Amino acid sequence: MSTFSSLIKVLTNPSHLRALLSFDKKGYLDDIGWFKAFDTRSPVDQGGNPIPWVTYSFIDFIKTRLTEEHSVFEFGSGNSTYFYAKYAGKVVSVEHDKAWFDKIEKSPDKPKNSELIFCELVRDGDYCRMPVKLNKKFDIVIVDGRDRVNCCKQAVEALTLNGVVVLDDSERDVYKEGVDFLVNQGFRHLLLSGISPGLFYRKSTSVFYKPDNCLGI
């Protein structure tokens, strides 16, 4: 169903319309800051604090499990960098968009425990291999940038022994190869679905983990 068709369906059902209009004053959407994210067109919580553009179910899951002992590598940067740096000990992000990289890198609010790396995007090139090229091991690798299938494949080599991989938008058919690869590597698949900041369609964020993992799953 198209967005227009969905809107018409809501507008022609008075009870649905009254329910939606009430959510900006009370209820789940207001509590999680969905309206603020919608108004600002950026992923923020009710207090305007930065959060990742992932499912709320994943945000609730990860923020209670991240600690200062964890190191995080993320493909893509932005509000997610601020969020992960708030809970983890170290966050390293690779960014392919130079203008966006400069904006985050030069921001006076950039977390001190974060590091940004610029890398031009070449499919199956240095971008997807960046965590391996750093010759470091990370507890959590977040795949939320470009070239995601190749990023999933390279992420395994950059993990600590108890590390996990996170893939956003894992419901998309275009990323199925990456999902299948991780499962075939022996990772269990935890699917966290629902809505995300400012967006009102179902999506999924997946956590791939093995026994005795760093998140205690």
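Residues numbered from 1 in each chain as written. Predicted model: local features only at pLDDT ≥ 70, side-chain atom pairs only at ≥ 80, totals over all residues. Heavy atoms only, no water.

Per an unreviewed UniProt entry, the protein chain goes by FkbM family methyltransferase and derives from Mucilaginibacter lutimaris.

**A closer look at the packing of aromatic side chains**
Using the criterion set out here, one finds ten aromatic pairs in the structure. Relative to Phe35, the ring of Trp34 has its centre 5.2 Å away and its plane inclined at 90 degrees; by these criteria the two rings are edge-to-face. On the basis of relative accessibility, which here comes to 8%, the residue Trp34 falls in the buried class. Classification of Phe35 as partly exposed rests on a relative accessible area of 21%. Counting every residue linked through ring pairs, the aromatic cluster contains Trp34, Phe35, Phe38 and Phe200. For Lys98, the ring lying beneath its charged end belongs to Phe118, and the centroid distance is 5.8 Å. Over the aromatic face of Phe187 sits the side chain of Lys210, whose NZ or CZ is 4.6 Å from the ring centroid. (Phe/Tyr/Trp six-rings, centres within 6.5 Å; stacked < 30°, edge-to-face > 60°. Buried < 20%, exposed > 50% of the residue type's maximum accessible area, 1.4 Å probe, protein only. Lys NZ or Arg CZ within 6 Å of the ring centre and 35° of its normal.)

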